[in-house]
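# Descriptive analysis of the structure
For reference, the chains in residue letters:
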Amino acid sequence: GESVGLHLPTLSVQEGDNSIINCAYSNSASDYFIWYKQESGKGPQFIIDIRSNMDKRQGQRVTVLLNKTVKHLSLQIAATQPGDSAVYFCGVNSGSARQLTFGSGTQLTVLP
Amino acid sequence: DTAVSQTPKYLVTQMGNDKSIKCEQNLGHDTMYWYKQDSKKFLKIMFSYNNKELIINETVPNRFSPKSPDKAHLNLHINSLELGDSAVYFCASKAGTGNSPLHFGNGTRLTVT
């Protein structure tokens, strides 16, 4: 089956700096990748997704990069703000029903 | 508001009891899920239904029984609760069965004592 892992369980950044959260996956057949943000006491909230026919996609202050060769995915957050403090999950599709498998999450803390 | 809503938000119960968690989505989605999040924040899929039909059943004890009365509802019934069932349970939905984002509810924190 698919395994998905985030490289760091915690990440601290200064307010205003850029944040990079990394994720590795194992299944080369995966073709859909997604990032979620989870604030305390809430459900995961969709941030951005990317399909395997792309290697970069940009949203508002966020960029997702996909490197299929090394099976690596990253989320970049520009000018990190206090409201960005949360747990971030990467998700990768896998299995016969192409369900999303999630990594264990990275806790992002924004320092004043 | 359009959303995925779950009830209750908190559920505290004793070992051996039977409990249910309800989920409703008004997004018009065809596919609904139950995920379990443990104390380390690891999110693991449990079940998925598409138009009331079960399509995913991961290795979950048969004490857990999902029920989908219609495509907008997916409830989770748990029999003979055990300490290890303590977790946060998330309902989610998405449009169709292809690749698209899941919309999650805000979770039900189940504590078994």
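Going by the structure above, here's the rest.
Everything quoted here is computed from the prediction, not taken from an experiment.

Calculation criteria
Residues numbered from 1 in each chain as written. Chains lettered and ligands numbered in written order. Predicted model: local features only at pLDDT ≥ 70, side-chain atom pairs only at ≥ 80, totals over all residues. Heavy atoms only, no water. Disulfide = S-S within 2.5 Å. Helix = DSSP H or I, 4+ residues; strand = E, 2+ residues; numbered from the N terminus. Buried < 20%, exposed > 50% of the residue type's maximum accessible area, 1.4 Å probe, protein only.

## Some words on the state of the cysteines
One pass over the structure, following the stated rule, counts 2 disulfides over all chains. The residue that forms a disulfide with Cys23 of chain A is Cys90 of chain A, at a sulfur-sulfur distance of 1.8 Å. Its S-S torsion of about 45° marks the bond between Cys23 of chain A and Cys90 of chain A as right-handed, since a negative value means left-handed. Separated by 67 residues along the polypeptide, Cys23 of chain A in strand β3 (residues 19-25) and Cys90 of chain A in strand β9 (residues 86-94) bring together distant segments of the chain. The buried category is assigned to Cys23 of chain A, whose relative accessible area is 0%. Bridging Cys23 of chain B to Cys91 of chain B, the disulfide has an S-S length of 1.9 Å. Between Cys23 of chain B and Cys91 of chain B, the S-S dihedral sits near -80°, and the bridge is therefore left-handed. Residue Cys23 of chain B is found in strand β3 (residues 19-25), and its partner Cys91 of chain B is found in strand β9 (residues 87-94); the two are separated by 68 residues along the sequence. Both residues of the pair, Cys23 of chain B and Cys91 of chain B, belong to the buried class.

## As for unusual backbone geometry
Thr7 of chain B connects to Pro8 of chain B through a cis peptide bond whose omega is -5°. Secondary-structure assignment places Pro8 of chain B in the loop between β1 (4-7) and β2 (10-13). Phi is positive for Lys71 of chain A, which is not a glycine, with a value near 55°. Mapped onto the secondary structure, Lys71 of chain A falls in the loop between β7 (62-67) and β8 (72-77). Under the relative-accessibility criterion, Lys71 of chain A is labelled partly exposed at 23%. Backbone geometry at Lys41 of chain B places phi at a positive 75°, although glycine is not the residue there. Residue placement: Lys41 of chain B occurs in the loop between β4 (31-37) and β5 (43-50).

Interpretation in functional terms is not warranted from these geometric data alone.
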